[in-house]
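# Understanding the architecture of this molecule
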Amino acid sequence: MVSWSDLYGHNTPGKPSECPQVWRFAGEIRDKAHFNDPCPWCQKPDLRVGYKVLQVGAGISWEVCLDCVCREDVEVQIEGVDVLNGARRDHLGKLAVRLMHETCRDLMRRLLVVSSDMDLQEIAVYFDRNGQLSPARAAKLLAALAQAGIEVDARIFEVQIRSAAHKSEFAAMTEKEKLLVWPALSPAIKKKFNALKTGPRRYAERHGAEPFSRGR
Ligand SMILES: [Zn+2]
């Protein structure tokens, strides 16, 4: 694989003024369905959706984040027309959301092929309508995916947790269900739940928080 430093010495690709070439968006967006890699240009961690940019004729391409495909030294054309600034971010951001939802729907379709559980059908319909899952639905879905041997990064599902109703729904879940959904929650929400002592007990103990009552 060709690295940036092989081509341009120690110039990093994070600074447009040091980039000697104009890059072009190849029209391809990929949902990797995991968060294991950083953006190869800006090094921002947890890149899920990559936008393919290339130098025409040079045989070099990268999959970069939304911020990087929106840089000034990247050309983006949609049906032959240059798309700039806010319109570009808006258009490409919406395409990514559509793609991420499609990844989730695809996983649910795979699951429904091997399961006749009516709850899962309801969860698929709920996701279609909302693009998100309530905590209990997320737990049920993640458990079914694991049982079917379909590997998935829980973070690809957006879990509704901001409303009082969803917070209560999470608090009422079993320890096992909470542990399933826990990886999908943001660090801020996890911190809040641990402070409220509604996070999974095992998680809190492992991270040195005070153990709380074992009422369940
Ligand atoms: Zn980037």
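The rules behind the values
Residues numbered from 1 in each chain as written. Predicted model: local features only at pLDDT ≥ 70, side-chain atom pairs only at ≥ 80, totals over all residues. Pairing = 2+ DSSP bridges. Helix = DSSP H or I, 4+ residues; strand = E, 2+ residues; numbered from the N terminus. Core = buried A, V, L, I, M, F, W, Y, C linked by C-beta atoms within 7 Å. Buried ≥ 20, exposed ≤ 12 C-beta atoms within 10 Å, placed from the backbone. Expected span 1.5 Å × (residues − 1). Contact = placed C-beta atoms within 7 Å.

## Looking at the pairing of strand E2 (residues 49–55)
One ladder, built from five bridges, connects strand E1 (residues 23–31) with E2; its direction is antiparallel. Within the sheet, the bridge partner assigned to Phe25 lies in E2 and is Val53. Where E2 lies against strand E3 (residues 60–64), five bridges are found, and the strand directions are antiparallel. Paired with Gln55 across the two strands is Ile60, which belongs to E3. Where E2 folds back on E3, the antiparallel hairpin that results is connected by four residues, among which Gly57 adopts a positive phi of roughly 80°.

## Here's the deal with the nonpolar core
Counting 20 residues, the largest nonpolar core has Leu133, Ala138, Leu142, Val159 and Val181 as its most contacted members. Ranked by size, the runner-up nonpolar core spans 13 residues in total, among them Trp41, Tyr51, Val53 and Cys70.

## Topic: helix H3 (residues 85–114)
Residues separated by three or four positions in an α-helix point in the same direction, a consequence of the helix having 3.6 residues per turn. Under the 1.5 Å per step criterion, the end-to-end length of H3 is 45 Å for 30 residues, consistent within 8% with the ideal 44 Å. All of the buried residues in H3 are Ala96, Cys104, Leu107, Met108 and Leu111. In the core, the buried residues of H3 are packed alongside E1, E2, helix H2 (66–69), helix H4 (118–130) and helix H5 (135–147).

## Description of unusual backbone geometry
Apart from glycine, the bulk of residues carry a negative phi angle, and the bulk of peptide bonds sit in the trans form. Unusually for a residue other than glycine, Ala33 sits at a positive phi of about 60°. On the secondary structure map, Ala33 appears in the loop between E1 and E2. One non-glycine residue with positive phi stands out, namely Asn85, at about 45°. One can find Asn85 in helix H3.

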